[in-house]
Amino acid sequence: MRGASQGWRAGLIGLAFCFVPPALATEVRIATFEAVGDAIPAPLDGLAGDSTRGQKLVRDRETGNCLICHQAPVANEPFQGDLAPSLAGVGGRLSVGQLRLRLVDQSKLNPATLMPAYHRVDGLTRVAARYRNRPVFSAQEIEDVVAWLATLKE
Amino acid sequence: MRSALLALVVLMAGAIAATAETRTSARELLPPELQAQQADDDANPGMLWVTSGQQLWSMPAGANAKSCSECHGDATTSMRGIAARYPAIDAKSGRLMNLEQRINNCRTANMAAAALPYEGEDLLALTAYVAHQSRGLPVSVRIDNAAAPHFEAGRRFYFERQGQLNVSCSQCHDDNVGRRLRGDRISSGLPTAWPAYRLDWQKMGSLHRRLRACSLGVRAEQLDFGSPEYVNLELYLAGRADGHLVETPGLRK
């Protein structure tokens, strides 16, 4: 399902990691945020999310790969996991801020959670070189996915 | 007080035993037609490697032009039950070795032959042939004495969250057995089928190749074939599979 442009982009990122020390790569940056209760009310870096991009990230096996564990109401996805709660209706159950915190770092709510922290790079062990010092999602990608999840009202 | 303590110990031992017993072979998660295919030697594609290993067993190799069979004779008797006890500590070197490493050690030390490349066809075939001689026998590895620190290191590795996705072996293979990861059902992590023919690979592969696939899945470093970490883990997996029957050659998705 990956388009040529995505392949091209992945190739470029691969190239960047051959020649650019990870510390200089833009992907490394982790947004600062303030949690209030079980939510991060403000968008990361004040960015606006795009729900269309968000749905793509949720399905993409190379990035979010959310459907490896979760089921979601999307067409043409026969292989969906069932380790984690279904995403159907999650936008009705949780506020945007609650979704954001659970994506950024669910372990702040439950240290034993199976859910990976999608916007954190510290406290990890034996990370493969190509993923080292890179969060799963950038701040923009977090906002995109939050925007799509918020549309899942039923 | 003492009887209460004893009751607690008995209860705990019972709980541990129950856990070991409730683990089932990943074979049982396969659709019935694939289970039947594994059980039928004429249909199980892994048997091609077993047959190839049988030929290699009596083929001279190395500067001394010796074969495995010259020292070990008929593998169907001499190798029966051996794989069920591996990985094991090599008495001479004190090193923990899995079956692949034991075969290569025998080649370099006793046959003056070159070590076979890990994951190459010949080592897969010989390993599968030797392991096949234990099919139907219960796994029973030593985890005491010199093996104990290796078992403990393997146990720590198993329970340690790792990779960019920060997931431990246990979080899937203890906590979510039978559930679906994409289209695949999660196994109990018993190492009893290996080397196994995996449909995903369209060929035979070692346990360490399977471990590397799991490492990749959680975006952790893929360790080398035969690395001490994976051999320690292999020992832990074999220890927690105590009493489960060897299946080599297994068939897996």
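Rules and cut-offs
- Residues numbered from 1 in each chain as written.
- Chains lettered and ligands numbered in written order.
- Predicted model: local features only at pLDDT ≥ 70, side-chain atom pairs only at ≥ 80, totals over all residues.
- Heavy atoms only, no water.
- pLDDT = per-residue confidence, 0-100.
- Contact = heavy atoms within 4.5 Å.
- Salt bridge = Lys/Arg side-chain N within 4 Å of Asp/Glu carboxyl O.
- Helix = DSSP H or I, 4+ residues; strand = E, 2+ residues; numbered from the N terminus.
- Polar contact = N/O pair within 3.5 Å; in protein donor to acceptor, adjacent residues only side chain to side chain.
- 1 Å grid on protein atoms, 1.4 Å probe; cavity = no way out; pocket = protein on both sides within 12 Å on 5 of 7 lines; lining within 4 Å.
- Points joined across faces, edges and corners; volume = space filled by probe spheres on them.
- Nonpolar A, V, L, I, M, F, W, Y, C, P; charged D, E, K, R; others polar.
- Domains from an automatic or database assignment.
- Buried < 20%, exposed > 50% of the residue type's maximum accessible area, 1.4 Å probe, protein only.
- Axes fitted to C-alpha atoms, helices over the stretch in contact; angles between N-to-C directions.
- Parallel < 35°, antiparallel > 145°, perpendicular 65-115°, else oblique.
- Left-handed = near helix turned anticlockwise from the far one by under 90°.
- Buried area = accessible area lost by both parts, 1.4 Å probe.
- Expected span 1.5 Å × (residues − 1).
- Pairing = 2+ DSSP bridges.
- Core = buried A, V, L, I, M, F, W, Y, C linked by side-chain atoms within 4.5 Å.

### Describing the confidence of the model for chain A
Here chain A shows a mean pLDDT of 87. Residues at 70 or above account for 82%. Here residues 1–26 of chain A scores under 50 on pLDDT; set against residues more than four positions off or in separate chains, the count is twelve contacts.

### Focus on the pattern of salt bridges
Enumeration over the complete set of coordinates arrives at 20 salt bridges over all chains. Notably, a salt bridge pairs Glu77(A) with Arg59(A), separated by 3.0 Å at the nearest N-O pair. Of the two residues, Glu77(A) is situated in the loop between helix H2 (51–59) and helix H3 (90–93) and Arg59(A) in helix H2; the sequence distance between them amounts to 18 residues. Overlapping salt bridges, with partners in common, bring together Arg59(A), Glu77(A) and Arg182(B) in one network.

### Observations concerning the side chain of Asn176(B)
Looking at the secondary structure, you find Asn176(B) in the loop between helix H9 (169–173) and strand S3 (180–181). There is a polar contact of 2.9 Å between the side chain of Asn176(B) and the backbone oxygen of Gln171(B). Here Arg179(B) takes part through its side chain, which lies 2.5 Å from a polar atom of the side chain of Asn176(B). Aside from chain neighbours lying at most four places away, what touches Asn176(B) is Leu83(A), Leu114(A), Gln171(B) and Ile186(B).

### Some thoughts on empty space enclosed by the protein
Residue and element names in this part refer to chain B. Tallying each qualifying case throughout the model produces one cavity of 30 Å³ or more. Here the largest cavity defines a volume of roughly 280 Å³. Along the walls of the largest cavity sit 22 residues, with Ala83, Tyr86, Pro191, Trp194 and Glu234 positioned nearest its centre. Of all elements in the fold, only helix H6 (99–110), helix H7 (121–132), helix H10 (207–217) and helix H11 (228–240) reach the threshold of two or more residues within the lining of the largest cavity. Classifying every residue of the lining of the largest cavity gives 14 nonpolar, six polar and two charged. Each of domain 1 (24–40 + 138–252) and domain 2 (47–132) contributes no fewer than three residues to the lining of the largest cavity.

### A few points about the side chain of Asp144(A)
All names here are of chain A. In this fold, Asp144 is placed in helix H5 (residues 139–150). For Asp144, a relative accessible area of 2% puts it in the buried group. Within the local environment of Asp144, its side chain forms a polar contact with the side chain of Arg53, the two groups lying 2.8 Å apart. Among all residues touching Asp144, those that are not within four sequence positions of it are Ala48, Gly49, Asp50, Ser51, Arg53, Gly54 and Leu57.

### Here we look at the packing of helix H4 (residues 96–105) of chain A against H5(A)
Residues and elements named next belong to chain A. Contact geometry of H4 with H5 gives a least axis separation of 10 Å together with a crossing angle of 130 degrees. When the axis of H4 is compared with that of H5, the two are oblique. Every pair of crossing elements has a handedness; the one defined by H4 and H5 is right-handed. Residues Val96, Leu99, Arg100, Leu103 and Val104 of H4 lie in contact with H5, whose contacting residues are Ile142, Glu143, Val145, Val146, Leu149 and Ala150. Grouping the amino acids of the contact of H4 with H5 by side-chain chemistry returns nine nonpolar, no polar and two charged.

### A short note on the interface of chain B and chain A
Across the boundary between the two partners, chain B contributes 21 residues, which contact 31 residues of chain A. Taken over both partners, the interface formed by chain B and chain A buries close to 2,300 Å², and the fraction arising from carbon and sulfur atoms is 50%. Across the contact surface, chain B and chain A share three salt bridges. Linking chain B with chain A are 17 residue pairs in polar contact (both at pLDDT 80 or more).

### Thoughts on H11(B)
All names here are of chain B. Here H11 contains 13 residues, and its C-alpha end-to-end distance of 18 Å stays within 8% of the 18 Å for a straight helix at 1.5 Å per residue. Burial analysis of H11 places eleven of its 13 residues in the buried class, which makes it a mostly covered element. Along H11, the residues that are buried comprise Tyr230, Val231, Asn232, Leu233, Glu234, Leu235, Tyr236, Leu237, Ala238, Gly239 and Arg240. Buried residues belonging to H11 abut strand S2 (96–97), H6, helix H8 (148–159), H9 and H10.

### Let's talk about the packing of H6(B) against H7(B)
Residues and elements named next belong to chain B. Interhelical geometry of H6 versus H7 gives an angle of 110 degrees and a closest axis separation of 10 Å. Of the possible angle classes, the one that applies to H6 and H7 is roughly perpendicular. Side by side, H6 and H7 meet where Leu99, Glu100, Ile103 and Asn104 of the first sit next to Leu123, Leu126, Thr127, Val130 and Ala131 of the second. In terms of residue class, the contact of H6 with H7 is built from six nonpolar, two polar and one charged.

### Side note on the sheet that holds strand S5 (residues 196–198) of chain B
Residues and elements named next belong to chain B. One open sheet accounts for three strands, arranged S6-S5-S7; its pairing is mixed. Each end of this open sheet is capped by a strand with a single partner; those strands are strand S6 (203–205) and strand S7 (250–252). Each strand axis lies, on average, 35 degrees off the axis of its neighbour in the sheet, ignoring direction. Taken together, the three bridges between S5 and S6 define a ladder with antiparallel strand orientation. Residue pairing in the sheet places Tyr197 in a bridge with Met204 of S6.

### A look at the nonpolar core
In terms of nonpolar packing, the biggest core is built from 35 residues, with Leu44(A), Leu103(A), Phe137(A), Ile142(A), Val145(A), Trp148(A) and Leu149(A) touching the most fellow members. Contributing elements (two or more residues each) for this core: H2, H4 and H5 of chain A. Counting residues per element, this core draws most heavily on H5(A), at seven residues. The residues touching Leu103(A), leaving out its near neighbours within four places in the chain, are Met115(A), Pro116(A), Ala117(A), Tyr118(A), His119(A), Phe137(A), Ile142(A), Val145(A), Val146(A) and Leu149(A). Within the second largest apolar cluster, 27 residues are counted, among which are Trp49(B), Val50(B), Leu123(B) and Leu251(B).

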